Amino acid sequence: MGGMSAQIPIKNDPAKNDTAMNKVRADKEREVTAGHDGTWVAHPALIKIAMDVFDEHMKGPNQVSRCLLLSRSLSLQTSEECRKLMK
């Protein structure tokens, strides 16, 4: 599970709001490409951004199959834990 972005919508300043929303989008892209299956948002207006990013990058209900790929750079214990998840 990914974390919660610190940004929230900014009223009355479209430029600052666009900057904040782009930061949220970038954060969610980082999370989904790191193998997270879900995320948190700090404001209901951010749900669509998060869902759009996860729907674009995550083609199934989870990313367990990516676990082994991601664990190659981690410890042997992590690789063994991933294999258990795949069973």
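Structure's up top.
A brief report on the enclosed structure follows. (Residues numbered from 1 in each chain as written. Predicted model: local features only at pLDDT ≥ 70, side-chain atom pairs only at ≥ 80, totals over all residues. Heavy atoms only, no water.)

## Re the nonpolar core
Here's step 1: In terms of nonpolar packing, the biggest core is built from five residues, these being Ala-20, Met-21, Val-24, Leu-46 and Ile-49.
Here's step 2: It is helix H1 (residues 14-33) that contributes the most residues to this core, three residues altogether.
Here's step 3: Other than its neighbours up to four places away in sequence, Leu-46 contacts Gln-7, Ile-8, Pro-9, Met-21, Val-24 and Val-41. (Core = buried A, V, L, I, M, F, W, Y, C linked by side-chain atoms within 4.5 Å. Buried < 20%, exposed > 50% of the residue type's maximum accessible area, 1.4 Å probe, protein only. Helix = DSSP H or I, 4+ residues; strand = E, 2+ residues; numbered from the N terminus. Contact = heavy atoms within 4.5 Å.)

## Description of H1
Residues separated by three or four positions in an α-helix point in the same direction, a consequence of the helix having 3.6 residues per turn.
Here's step 1: Here H1 spans 28 Å end to end across 20 residues, near enough to the 28 Å set by a 1.5 Å rise per residue.
Here's step 2: Those residues of H1 that fall on the buried side of the exposure criterion are Asn-17, Ala-20, Met-21, Val-24, Asp-27, Lys-28, Glu-31 and Val-32. Buried residues of H1 fall within an arc of 130 degrees about the axis and therefore sit on the same side.
Here's step 3: Check the buried side of H1 and you find it contacts helix H2 (47-57). (Expected span 1.5 Å × (residues − 1). Arc of directions from axis to C-beta.)

## Regarding the packing of H1 against H2
Helix packing for two helices is described by the angle between their axes and how far apart those axes are.
Here's step 1: For the pair H1 and H2, interaxial distance at closest approach is 9 Å and the crossing angle is 35 degrees. H1 and H2 meet at a crossing whose hand is right-handed. In this structure, H1 uses Met-21, Val-24, Arg-25, Lys-28, Glu-29, Glu-31, Val-32 and Thr-33 to contact H2, whose residues at the interface are Ile-49, Ala-50, Val-53, Phe-54 and His-57.
Here's step 2: Taken together, the residues of the contact of H1 with H2 sort by class into seven nonpolar, two polar and four charged. (Axes fitted to C-alpha atoms, helices over the stretch in contact; angles between N-to-C directions. Left-handed = near helix turned anticlockwise from the far one by under 90°. Nonpolar A, V, L, I, M, F, W, Y, C, P; charged D, E, K, R; others polar.)

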